[in-house]
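Summary of the model geometry
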Amino acid sequence: MWLFIFLVVQRVAELIVAHSNKKWMFRRGGVEVESRHYFLFIVLHISFFTILLFEWFYFRGMQMWFTPVLIVTFVLLQILRIWCILSLGRRWNTKIIVIPDEHLVERGPYRYVRHPNYIIVFLELLIIPLIFQAYFTAIVFPLLHLLVLTVRIPAEERALEGEF
C-alpha cells in the first residue's frame, strides 16, 4: 500500500508544481494553448489509479510482485521522470503553455528525445500495474495513453512551432 500512496502523493505534488509553474509562465507572458484535450489526461490518470487499486485489492488481495527487475525499472523511471522535470525547470507543466520568444529547451533528455516524459509515463503505466499484479491495468492503460498521445503530441508540436 505504501507504493500506491507514494504514487498518488507524487502525482499530487507534480500538479502543485505544475500550477506554480503555470503562474510563473503566465507572469512572463505565457499563453495556454490546445487545452481541449487536457481532460483526457485527467480521466486517464484518475481511472488508472482507481482501476489499479480495484484490481489489486479485489483480484490479488493486495499482494505485490517485488521482483528486482520491476523494482529497478520503477526506480530508473522515477529518476528519468525527475530528470525531465528538472531539465525543463519552471517551464515544466502538465498543460501546454507557450512563452513567446523563448527558445525550446534542449538539455537533459530533451537533447536526445523530443517528448521523453511520454515514453516514461507509458513505461510507468506498464511497470506499476505489473508490480501490483494488475494485468488488466498493465495492458489497457499504456494503450489508452498512446491513444491520448495521438492528440497531445501533435498539439504540442503545433504549439512549439508557433501554430496556435
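Scroll up to find the structure this text is about.
This text gives an overview of the structure that appears in the document. (Residues numbered from 1 in each chain as written. Predicted model: local features only at pLDDT ≥ 70, side-chain atom pairs only at ≥ 80, totals over all residues. Heavy atoms only, no water.)

**Thoughts on the environment of Arg91**
Secondary-structure assignment places Arg91 in the loop between helix H3 (68–88) and strand S2 (97–98). Sequence separation between Arg91 and Asn21 is 70 residues, and the spatial gap between their C-alpha atoms is 6.5 Å. Beyond its immediate sequence surroundings of up to four residues, Arg91 is in contact with Trp24, Met25, Glu102, His103 and Val105. At a separation of 2.3 Å, a polar atom in the side chain of Arg91 contacts the side chain of Glu102. (Helix = DSSP H or I, 4+ residues; strand = E, 2+ residues; numbered from the N terminus. Contact = heavy atoms within 4.5 Å. Polar contact = N/O pair within 3.5 Å; in protein donor to acceptor, adjacent residues only side chain to side chain.)

**Re the packing of aromatic side chains**
A complete count under the given rule lists 10 aromatic pairs for this structure. Each ring, one from Phe41 and one from Tyr118, has its centre 6.4 Å from the other, and the planes form 15 degrees; the classification is stacked. Note that Phe41 is positioned in helix H2 (residues 38–60) and Tyr118 in helix H4 (residues 116–131), a separation of 77 residues in sequence. Classification of Tyr118 as buried rests on a relative accessible area of 11%. A centroid spacing of 5.3 Å and a plane angle of 5 degrees characterise the contact between Phe54 and Tyr58, whose relative ring orientation is stacked. Residue Phe54 and its partner Tyr58 are both found in helix H2; the two are separated by four residues, about one turn of the helix. Here the aromatic cluster, defined as three or more aromatic residues joined through ring pairs, consists of Phe4, Phe48, Phe49, Trp56, Phe132 and Phe141. (Phe/Tyr/Trp six-rings, centres within 6.5 Å; stacked < 30°, edge-to-face > 60°. Buried < 20%, exposed > 50% of the residue type's maximum accessible area, 1.4 Å probe, protein only.)

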